[in-house]
Number of protein chains: 2
Amino acid sequence: MPTEFELIQQHFTHATPRTLLGVGDDAALITPSPGQVLAVATDMLVGGRHFFMDVDPESVGHKALAVNLSDMAAMGAMPRWATLGIALPKADARWVAAMSAGFMKLARRHGVDLIGGDTTRGPLNLCVQIIGEVPARQALRRDGAKPGDDVWVSGALGDAALAVAARNQRIKLKPADRKRAQQKLDWPLPRIALGMALRGVARSAIDISDGLVADLGHICERSGVAAVVAFECLPVSAVMRRYREAPVAQAALLGGGDDYELCFTAAPAKRAAVERTAARTRTRVTRIGRVIRAPEGACKVVVVDGDGLPVKATQQGFDHFR
Amino acid sequence: MPTEFELIQQHFTHATPRTLLGVGDDAALITPSPGQVLAVATDMLVGGRHFFMDVDPESVGHKALAVNLSDMAAMGAMPRWATLGIALPKADARWVAAMSAGFMKLARRHGVDLIGGDTTRGPLNLCVQIIGEVPARQALRRDGAKPGDDVWVSGALGDAALAVAARNQRIKLKPADRKRAQQKLDWPLPRIALGMALRGVARSAIDISDGLVADLGHICERSGVAAVVAFECLPVSAVMRRYREAPVAQAALLGGGDDYELCFTAAPAKRAAVERTAARTRTRVTRIGRVIRAPEGACKVVVVDGDGLPVKATQQGFDHFR
């Protein structure tokens, strides 16, 4: 008779058509495609910290994979295989079934095989590792930005952080607005197609998980450059537009995090190519600023208003040890 | 000024000489060797469950990697790259420095690059993912055992479980014995060299993490066979020999787990080859039983005493949801 533990493991045993040997041995065996290098990333989600404990478990499974897929998008990589480590406070089969369903639905949509994992008892924790493929010279790295590059961003920013602020009662949203912001927080859509299409077009890229200013700051540090961003150019949703004057909304826009949009830089000569790429992948992209030489070696991001005056920005992203 | 979070991340940023792009981007980039497939495994260690909270943090780092390396050994794979996700209750730099030192020392010994990770606040949890390489046809799988195969095991069994039993006051050990058993529990040595040397020699393999009977049982299930093991043949340490008559010690030997030895099967014609392999890798190996046809389809492990009578064995391994 299977134990509860074995029953739960069954939720993570699925067909792995793109894999030589899937779940059930000491390790899975995968066959990398010739001519590609592998992109490898991992993200850990802690219950009560990265998601609210009362959230729909299907969205937890979705998000655990989505944030890892977003790292693949930011590298221009095609995601192929994932592993999942889970610690669960109790063997709650319904919760696990829903969580697994959310994970697997997104995995199938992107052709990702779940090839291994580990299930144990402990405070709620999901740790996903993702492996993707990309031609070595076409990977979108953080260290390729050059002075003169345009700065671009996909989608719209800040909605997820707005939802968190609403939940923490730092801002009051209309019910319909709150629902739409919450959707962005719980069900982020990784920009896989855009990332792959930007191979050979973008010079650097990152996904926005800690907030625009912090993440663009990472590109600047790694590339030894600085960036100027025009606040008024930042793409916002219809929801964000209604609250944009609130300081909380501005902070969400610049430093909120959990956006999982791509921020990338490209030479001005590539503007038409970027626009074509966006049209082809049906993704909104917006030019928001420019890469400049780092003044006195300070690789920072300056956000300016319509008059060219600096906007007070949250330079720091979300620091888990604050 | 770096935050505590950034300071802690520095403990996990090391040279990655075997890696195209290491820590610091959205993903690492690795270049698989031609003609090899990749073996991928993950193991999650929860503080207070997989290790005692007051244990030497250096051993925690060692063990987190060791249990993953052991999965590579059981596949006959050469470990090459690892990622590490960590949740920490607080930013304790000393604890992290010691844990990281234990992890990295073992990584260097086996030529493994730490290529990525994620550090967050939360109940203590370490999730390691390991990637190794093996020629596709030579991987040691669980499903290759055939009736007539010898069953072999490396090293000595049960010491780690004996240490846990002593700590839980289910058995009393002499201080020197307890220290030696504790060493086995805290500092397991993965059998990488043996696993790689068994390519083309063993027909199936698994590492003993849940206990001999449970893990050999996994080989039997996957291979559609059964196995008979002679209790008196089981290899024991000098420590275990002194307590062997105690029921707790017998349970540790058969079902204790945390051994991280290899259990493998090989055709009798390969006996000399197995012995040579063991000598070459300076590993003790012991022939403990035989693979048989599954009687009435029951793929189970029977342990017999010197008179050929069944020993009551803990068929179940360590179930985290019991």
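Sequence order as written defines residue numbering, which begins from 1 separately in each chain. Each chain gets a letter, beginning with A, and each ligand a number, beginning with 1, in the order they are written. Local features in a predicted model are, by the rule used here, given only for residues with pLDDT of at least 70; side-chain atom pairs are given and counted only at 80 or more, and totals for whole chains, interfaces and linings are based on all residues. The basis for every side-chain value is the complete set of heavy atoms in the structure, and neither hydrogens nor water enter the calculation.

**Brief notes about unusual backbone geometry**
For residues besides glycine, phi is generally negative; the peptide bonds are generally trans as well. All names here are of chain B. In plain terms, the rule: Only DSSP runs of H or I reaching four residues or more are called helices, and only runs of E reaching two or more are called strands; each is numbered from the N terminus. The classification of residues rests on relative accessible area computed with a 1.4 Å probe and restricted to protein chains. Under 20% of the type maximum is buried, over 50% is exposed, and intermediate values are partly exposed.
Although it is not a glycine, Gln169 adopts a positive phi angle of roughly 60 degrees. Position of Gln169 relative to the elements: it lies in the loop between α4 (159–167) and α5 (175–186). Gln169 sits in the exposed class, given a relative accessible area of 74%. Phi at Arg282 is positive, roughly 50 degrees, even though this residue is not glycine. Among the structural elements, Arg282 can be located in the loop between α10 (271–280) and β10 (285–293).

**Section: the relation of the copies chain A and chain B**
One copy of the chain maps onto the other through a rotation about an axis followed by a shift along the same axis. Here is the rule: When the copies are overlaid, the least-squares fit takes in C-alpha atoms only where the residue has pLDDT of at least 70 in both copies. Contact between two residues is taken to exist if any of their heavy atoms lie within 4.5 Å; hydrogens are not considered.
For the match of chain A to chain B, the screw axis carries a shift of 0.0 Å, the RMSD comes to 0.0 Å, and the turn is 180 degrees. Such a turn and shift between the copies fits a two-fold axis. In this assembly, 100% of the residues forming the interface of chain A have copies in chain B that are likewise at the interface, indicating an isologous arrangement.

**Some thoughts on the environment of A:Asp307**
All names here are of chain A. For Asp307, the position within the fold is in the segment after β11 (301–304). Taking the relative accessible area as the measure of exposure, Asp307 reaches 68% and is therefore exposed. Counting along the chain gives 48 residues from Asp307 to Asp259, while the straight-line C-alpha distance between them is 27 Å.

**Observations regarding the domain arrangement of chain A**
All names here are of chain A. Test applied: Residue ranges assigned to each domain were obtained from an automatic or database domain assignment. When two parts are brought into contact, each loses some accessible area as probed by a 1.4 Å sphere; the total of that loss over both is the buried area. The term salt bridge refers to a pairing of a side-chain nitrogen on Lys or Arg with a carboxyl oxygen on Asp or Glu at a separation within 4 Å. Distance and chemistry together define a polar contact, namely a pair of N or O atoms within 3.5 Å, with one atom able to donate a hydrogen and the other to accept it when in protein, and with adjacent residues in sequence counting only for side-chain atoms on both sides.
Domain boundaries in chain A define domain 1 (4–135) and domain 2 (150–304). Centre-to-centre, using C-alpha coordinates, domain 1 lies 26 Å away from domain 2. Opposite the 25 residues of domain 1 that make contact, domain 2 presents 18 residues. A buried area of about 1900 Å², summed over both sides, lies between domain 1 and domain 2, and 64% of it is on carbon and sulfur atoms. In this structure, the connection of domain 1 to domain 2 is made through two salt bridges. The salt bridge partner of Lys63 is Asp258, with a shortest N-O separation of 3.2 Å. Inspection of the domain 1/domain 2 interface yields seven residue pairs in polar contact (both at pLDDT 80 or more). Listed by contribution, the elements that provide at least two residues to the side of domain 1 that touches domain 2 are α2 (57–75), β3 (78–88) and β5 (125–134).

**Comments concerning the interface of chain A and chain B**
Definition in use: For this classification, the nonpolar set comprises Ala, Val, Leu, Ile, Met, Phe, Trp, Tyr, Cys and Pro, the charged set comprises Asp, Glu, Lys and Arg, and every other residue, Gly included, is treated as polar. Criterion used throughout: strands pair if DSSP finds at least two bridges between them.
Each side of the interface is counted separately: chain A has 67 residues, and chain B has 67 residues. Of the roughly 5300 Å² buried at the junction of chain A and chain B (both faces included), carbon and sulfur atoms supply 61%. In this structure, A:Arg142 engages B:Asp26 in a salt bridge whose closest nitrogen and oxygen atoms are separated by 3.1 Å. Remark: the boundary between chain A and chain B carries 17 residue pairs in polar contact (both at pLDDT 80 or more). Of all the elements in the fold, those that place two or more residues in the side of chain A that touches chain B are α1 (4–10), β1 (28–30), β2 (37–46), α2, β3, β4 (113–121), β5 and β7 (204–207) of chain A. Looking at the side of chain A that touches chain B element by element, the count peaks at nine residues for β2(A). Across the side of chain A that touches chain B, the residue classes break down as 34 nonpolar, 17 polar and 16 charged. As defined by bridge partners, β1(A) adjoins strand β2 (residues 37–46) of chain B across three bridges and the pair is classed as antiparallel. Note that in β2(B) the partner of A:Ile30 across the bridge is B:Leu38.

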